[in-house]
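These are the residues of each chain, in order.
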Amino acid sequence: MKVLVVKTSSMGDVIHTLPALTDAAEALPGIVFDWVVEEAFHEVPAWHPSVRKVIPVAIRRWRKAPLKALSSGEWGRYRTALAAERYDAVIDAQGLLKSTLLATRLAKGKRFGMDRASAREPAAALFYDRGIVVPKGIHAVDRTRRLFAGALGYTMPEGRGRYGIEVPTSAVADGAPYLVFLHGTTRHDKHWPELYWAELIALAVAQGFGIKLVWGNAAEQARAERLASAGPMVEVLPRSSLTTIAQVLSQAAGIVSVDTGLSHLAAALGRPNVVLFGPTDPGLVGGYGERQVCLEARHFQPSGRDVDPAIFAPLTPEIVLSTLDRLLKSEEAR
């Protein structure tokens, strides 16, 4: 059975789709998937053993320069690659008009997606041959698992889904334990205050941990370099591929992260991860998997600290480190 998956972005959403493939592979032996995904995230689907082919798309870039995409032949090559196969099913897990117009409707095969009441953009359901009813008040991973089960005709397994990824191994450390702090995210109000990161680094270094900081743009690099001024135990990693970052995360003793795509990668790898939430709801998009602890700032008493963004003031470095310590001790006891 050949299935085309349309899930283009964002990184967290792409990662959230992986357990649905694991379910399907166990229910339908021999099933293979091709996957349409934004070029920036093309490495992620390839980590799943049931993915046969990744078809990169550049919707974000093409929207900025549509004439260039047409004149360069890039759009034509993409359409040719998309139409090269007839699929037993085309599953639009994105649920947006852009995904239906630029991918789903161009593919050959019976098209499935969430129905009007379930999709993120109800009009997208007009392009499907069959809409699947999926409850909205459950985690994004389980919503996608239900979509695949309904589209492909099997019962979704009970219990928590498994990502099932296989990231190429690589030695990235000398054996000394280290923590990775994932400090970058897209929205200002989702950023844990830089002052708190600096204090957490000082506390963790005092416990003997090395700290690795990753970044994805100039602002994140500048923040990482400021935080690294704490001393030689703090390392700013060079800009890296997602596979390299996954290798770094997979060997970390523990991770502290904000609500960001790389946090979901840590969850997919099953690493001990404390995730810090301010304005967003972890019940719907929080760390999904083993060894994930979500801390919501609103659940803690006011600290009186004057930080930006103020929503995170109650979630102090001492709370975060004590939570991480408990998580690491439970990991040692496993």
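Please refer to the structure higher up on the page.
Residues numbered from 1 in each chain as written. Predicted model: local features only at pLDDT ≥ 70, side-chain atom pairs only at ≥ 80, totals over all residues. Heavy atoms only, no water.

Enquirer: How should I be thinking about the sheet that holds strand S9 (residues 234-236) in this particular structure?
Expert: Either a parallel or an antiparallel arrangement is found when strands of a sheet pair, and the pairing is made through backbone hydrogen bonds. The strand order across the open sheet formed by 6 strands is S9-S8-S7-S10-S11-S12, and the pairing between neighbours is parallel. Sheet topology places S9 and strand S12 (292-296) at the edges, where each strand pairs with a single neighbour. Within the sheet, the average angular offset between the axes of one strand and its neighbour, ignoring direction, is 20°. Of the strand pairs in this sheet, strand S8 (residues 210-213) and S9 are connected by 3 bridges, and their pairing is parallel. Bridge assignment links Leu-213 to a residue of S9, and that residue is Val-236. Packing of helix H13 (residues 317-332) onto the sheet brings it into contact with strand S7 (178-182), strand S10 (254-258), strand S11 (273-277) and S12, and relative to S11 it is tilted by some 150°. (Pairing = 2+ DSSP bridges. Helix = DSSP H or I, 4+ residues; strand = E, 2+ residues; numbered from the N terminus. Axes fitted to C-alpha atoms, helices over the stretch in contact; angles between N-to-C directions. Contact = heavy atoms within 4.5 Å.)

Enquirer: Is there a simple way to explain the pattern of salt bridges in this structure?
Expert: Oppositely charged side chains may form a pair once their charged atoms are brought near each other. Applying the stated criterion across every chain, the model contains 18 salt bridges. Salt-bridge contacts for Arg-120 lead to Asp-13; the nearest nitrogen and oxygen are separated by 3.7 Å. Residue Arg-120 is found in the loop between strand S5 (111-114) and strand S6 (130-132), and its partner Asp-13 is found in helix H1 (residues 11-27); the two are separated by 107 residues along the sequence. Given a relative accessible area of 22%, Asp-13 falls into the partly exposed group. Salt-bridge contacts for Asp-23 lead to Arg-145; the nearest nitrogen and oxygen are separated by 2.6 Å. Of the two residues, Asp-23 sits in helix H1 while Arg-145 sits in helix H7 (residues 140-152), which places them 122 residues apart along the sequence. Exposure remark for Asp-23: the relative accessible area of 5% places this residue in the buried category. Take Arg-145: its relative accessible area is 1%, and that puts it in the buried class. Among the charged side chains, a salt-bridge network with shared partners connects Lys-2, Asp-34, Arg-52, Lys-53 and Glu-85. (Salt bridge = Lys/Arg side-chain N within 4 Å of Asp/Glu carboxyl O. Buried < 20%, exposed > 50% of the residue type's maximum accessible area, 1.4 Å probe, protein only.)

Enquirer: Which parts of the structure should I look at to understand the environment of Pro-317?
Expert: Summarising the element assignment, Pro-317 is placed in helix H13. Accessibility expressed as a relative area gives 0% for Pro-317, which makes it buried. Considering only alpha carbons, one finds Pro-317 and Arg-77, 240 residues apart in sequence, at a separation of 50 Å. Setting aside anything within four residues of it in sequence, one finds Pro-317 in contact with Trp-192, Tyr-196, Glu-199, Leu-200 and Leu-203.

Enquirer: What should I look at first to understand helix H8 (residues 194-206) in this one?
Expert: Since the α-helix turns once every 3.6 residues, residues separated by three or four places project in the same direction. With 13 residues, H8 should cover 18 Å at 1.5 Å per step; its first-to-last C-alpha distance of 19 Å lies within 8% of that length. The set of residues buried in H8 consists of Tyr-196, Trp-197, Leu-200, Ile-201 and Ala-204. Considered in projection along H8, the buried side chains sweep an arc of 140° and stay on one side of the axis. Tucked inside the fold, the buried residues of H8 contact S7, S8, helix H9 (218-227), S9, S10 and H13. Positive phi shows up at Gly-208, right after H8, with a value of about 100°. (Expected span 1.5 Å × (residues − 1). Arc of directions from axis to C-beta.)

Enquirer: So what exactly am I meant to see when it comes to the environment of Asp-281 here?
Expert: By the secondary structure assignment, Asp-281 is in the loop between S11 and helix H12 (282-285). In the structure, Asp-281 is positioned 40 residues away from Leu-321 in sequence and 22 Å away in space, judged by C-alpha atoms.

Enquirer: I'm lost on the sheet that holds strand S3 (residues 51-57) in this one. Help?
Expert: Reading across from one edge, S3-S2-S1-S4-S5-S6 is the order of the 6 strands in this open sheet, with parallel pairing throughout. The outermost strands of the open sheet, each flanked by one partner alone, are S3 and S6. Neighbour-to-neighbour, the strand axes of the sheet open up by a mean angle of 25°, direction not taken into account. In the packing of H1 onto the sheet, contacts are made with strand S1 (2-6), strand S2 (32-38) and S3, and the angle to S2 comes to roughly 175°. Contacts between H7 and the sheet are confined to S1, S2, strand S4 (89-92), S5 and S6, with S4 contributing the most and set at about 155° to the helix.

Enquirer: Would you mind going over the packing of aromatic side chains with me for this structure?
Expert: Two numbers describe a pair of aromatic rings. These are the distance of the centres and the angle of the planes. Summed over all chains, the structure comprises 8 aromatic pairs. Each ring, one from Trp-75 and one from Tyr-78, has its centre 5.5 Å from the other, and the planes form 40°; the classification is tilted. Linking Trp-75 with Tyr-78, this pair stays in helix H5 (residues 74-82), spanning 3 residues, or about one helical turn. In this pair, the class of Trp-75 matches that of Tyr-78, namely buried. Members of the aromatic cluster, connected to one another through ring pairs, are Phe-181, Trp-192, Tyr-196 and Trp-197. Seen from the ring of Tyr-178, Lys-212 lies directly overhead, with NZ or CZ sitting 4.9 Å from the centre. (Phe/Tyr/Trp six-rings, centres within 6.5 Å; stacked < 30°, edge-to-face > 60°. Lys NZ or Arg CZ within 6 Å of the ring centre and 35° of its normal.)

Read these as spatial facts, not as claims about activity.
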